[in-house]
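# Structural overview for review
Below, each chain spelled out in residue letters.
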Amino acid sequence: MNFASDNVTGASAPILDALVRANAGPMPAYGADPLTAGLRDRFRALFDHPDLVIFPVATGTAANAIALAAMVPPYGLCLCHEEAHVMGDECGAPEFFTHGAKLAGLPGTGSKIDPAALEATLAAMPRHVKQMPARALTLSQATESGLVYGPDEVARLSGLAHRHGLAVHMDGARFANAVAALGCSPAEVTWRAGVDILSFGASKNGALAAEAIVVFRPDLAETIEYRRKRAGHLLSKGRLLAAQLHAYLEGDHWLANAANANRMAARLGRGLAAIPGVRLAWPVAANEVFPILPAHLERGLKEGGAVFYGWHSTSLPPGEAVREDERFARLITAFSTTEAEVDAFLALARARA
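In this report, the structure presented in the accompanying data block is examined. (Residues numbered from 1 in each chain as written. Predicted model: local features only at pLDDT ≥ 70, side-chain atom pairs only at ≥ 80, totals over all residues. Heavy atoms only, no water.)

Of the regular secondary structure elements, the protein chain holds 14 helices and 12 strands. Against the 2.2 N^0.38 benchmark of 20 Å for 353 residues, the protein chain shows a C-alpha radius of gyration of 21 Å, consistent with a compact globule. A principal-axis box enclosing the C-alpha atoms of the protein chain has dimensions of 60 × 55 × 30 Å. Partitioning the contacts of the protein chain with sequence separation of at least 6, the portion at a separation of at least 24 is 78%. Roughly 14,600 Å² of accessible area belongs to the protein chain as shown, and the carbon and sulfur atoms make up 55% of that amount. Distance between charge centroids for the protein chain: 3 Å, based on 32 positive and 35 negative side chains. (Helix = DSSP H or I, 4+ residues; strand = E, 2+ residues; numbered from the N terminus. Rg over C-alpha atoms; globule rule 2.2 N^0.38 Å. Contact = heavy atoms within 4.5 Å. Areas by Shrake-Rupley, 256 points an atom, 1.4 Å probe, with all protein chains shown as cover. Lys, Arg positive; Asp, Glu negative; His and termini not counted. Charge placed at Lys NZ, Arg CZ, Asp CG, Glu CD.)

Given below as structure tokens:
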């Protein structure tokens, strides 16, 4: 009953098998191998984009930070939600990799940027050398509250950003979960909606350690090759990154993994919402569940062996609040989560309620 994170799981069997195959025999180093070369065409087909450029890296933090460094100069500003992962959970990596650019947080329920807040912020931006100019907008997909941006929402925010000269980045650590939840094509919710660079996540959804910087505007790709090397993310045995990404996409394995995680989260959310005294802070959209629990129930669950994190948020729906006798929690399901694990947690919750 470990619902602490989708990072606590191992890798899926197809990805491990692909690593074993890629491990056999010599191959050229530093991405000159045939597996890495083949990724470009695979991703171009996946996103229906003939000119995209892809850069495999080992971590989501590197993908986000390197991507933003290619979009924002040291004197620039990157706008994001005030609860975005890049803002609060990457130890200042975007600021470090950009050599001094800053992140500025915007409000919005469910960790989604409010378009009106973005428009007002952009309209009020000073045009003076003493103030940092906004150069990029980054969107988390799915958000830190487990919600997803639909294509129309992405297009609206991207349109506002582009009209003010900003490039648009998407932090897709849980991109697969979002696409599976939306039922749209990857292209519809990225470049066709105005996204310029995507951090394409795989590690949370079955990979051992593999992410990709997917660049839809080739002019933004020019410096990433060098930035990736300077950041220490041009792996000498790059074929082992490429092998994971090939297996991840083969036969829509990535979407099948995400769909299972989403189904288990929906099952978990329905079960929790049916327990007296429990309510969900937001609807379950992807693979994260955010229940507000009676304090005694949280204690009982943890005493019974359940593992999950406490949570806090500045983006609860209007009128919603966590009382002193309640606890806010986050539970995350993964590609490997089973109905038996979810049902055991719910049985414990009903028994301790």
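Soluble globular proteins: nonpolar side chains tend toward being buried together. Residues Phe 43, Leu 79 and Phe 200 are the most contacted members of the largest nonpolar core, which totals 50 residues. No other element matches helix α11 (residues 239-249), which puts six residues into this core. Apart from the residues lying within four places of it in its own chain, the contact partners of Leu 79 are Ala 104, Leu 106, Leu 118, Thr 121, Leu 122, Met 125, Ala 134, Ala 136, Leu 137, Thr 138 and Leu 166. Residues Ala 62, Cys 78, Ala 84 and Ile 213 belong to the second largest nonpolar core, which totals 24 residues. (Core = buried A, V, L, I, M, F, W, Y, C linked by side-chain atoms within 4.5 Å. Buried < 20%, exposed > 50% of the residue type's maximum accessible area, 1.4 Å probe, protein only.)

With that out of the way, let us pick up the pattern of salt bridges. Within the structure shown, the criterion is met by 16 salt bridges. Lys 302 is the salt-bridge partner of Glu 298, the closest N and O atoms lying 3.7 Å from each other. One end of the pair, Glu 298, and the other, Lys 302, are both in helix α13 (residues 295-303), four residues apart, so they sit about a helical turn from each other. Across the pair Arg 323 and Glu 326 runs a salt bridge, and its minimum N-O distance is 3.1 Å. Counted as one network, the salt bridges with shared partners bring together Arg 279, Glu 320, Arg 323, Asp 325 and Glu 326. (Salt bridge = Lys/Arg side-chain N within 4 Å of Asp/Glu carboxyl O.)

For the rest of this paragraph, the subject is helix α8 (residues 175-182). Residues spaced three or four apart along an α-helix point in a common direction, a consequence of the helix completing one turn every 3.6 residues. Buried residues of α8: Phe 175, Ala 176, Asn 177, Ala 178 and Val 179, and no others. On its buried side, α8 packs onto β5 (167-172), β6 (197-201), α11 and α12 (253-273). Backbone geometry just downstream of α8 places Gly 183 in the positive-phi region, at approximately 70 degrees.

Among the structural elements, Asn 262 can be located in helix α12. Of the residues examined, Asn 262 reaches a relative accessible area of 11% and is grouped as buried. Residues within four places of Asn 262 in sequence aside, it is in contact with Asn 177, Ala 180, Ala 181, Ala 286 and Asn 287.

What follows covers the packing of α8 against α12. Viewed as axis vectors pointing N to C, α8 and α12 meet at an angle of 75 degrees, and their least axial separation amounts to 8 Å. Accordingly, the angle class assigned to the pair α8 and α12 is roughly perpendicular. Contacts from Phe 175, Ala 176, Asn 177, Val 179, Ala 180 and Ala 181 of α8 reach α12 at Trp 254, Leu 255, Ala 258, Ala 259, Ala 261 and Asn 262. Here the contact of α8 with α12 is composed, by residue class, of 10 nonpolar, two polar and no charged. (Axes fitted to C-alpha atoms, helices over the stretch in contact; angles between N-to-C directions. Parallel < 35°, antiparallel > 145°, perpendicular 65-115°, else oblique. Nonpolar A, V, L, I, M, F, W, Y, C, P; charged D, E, K, R; others polar.)

Right, let's talk about the sheet that holds strand β2 (residues 77-81) for a bit. Strands sit in the order β1-β7-β6-β5-β4-β2-β3 across an open sheet of seven strands; the sheet is mixed. Only two strands of the sheet have a single partner each, and these edge strands are β1 (53-57) and β3 (102-106). Sheet twist, expressed as the average angle between the axes of neighbouring strands with direction ignored, equals 20 degrees. Summarising the sheet, β5 and β6 pair through four bridges and their orientation is parallel. What sits directly across from Asp 171, in β6, is Ser 199. Packed on one face of the sheet, helix α3 (residues 60-71) meets β1, β2, β4 (134-140), β5, β6 and β7 (211-215) and runs near 180 degrees to β5. (Pairing = 2+ DSSP bridges.)

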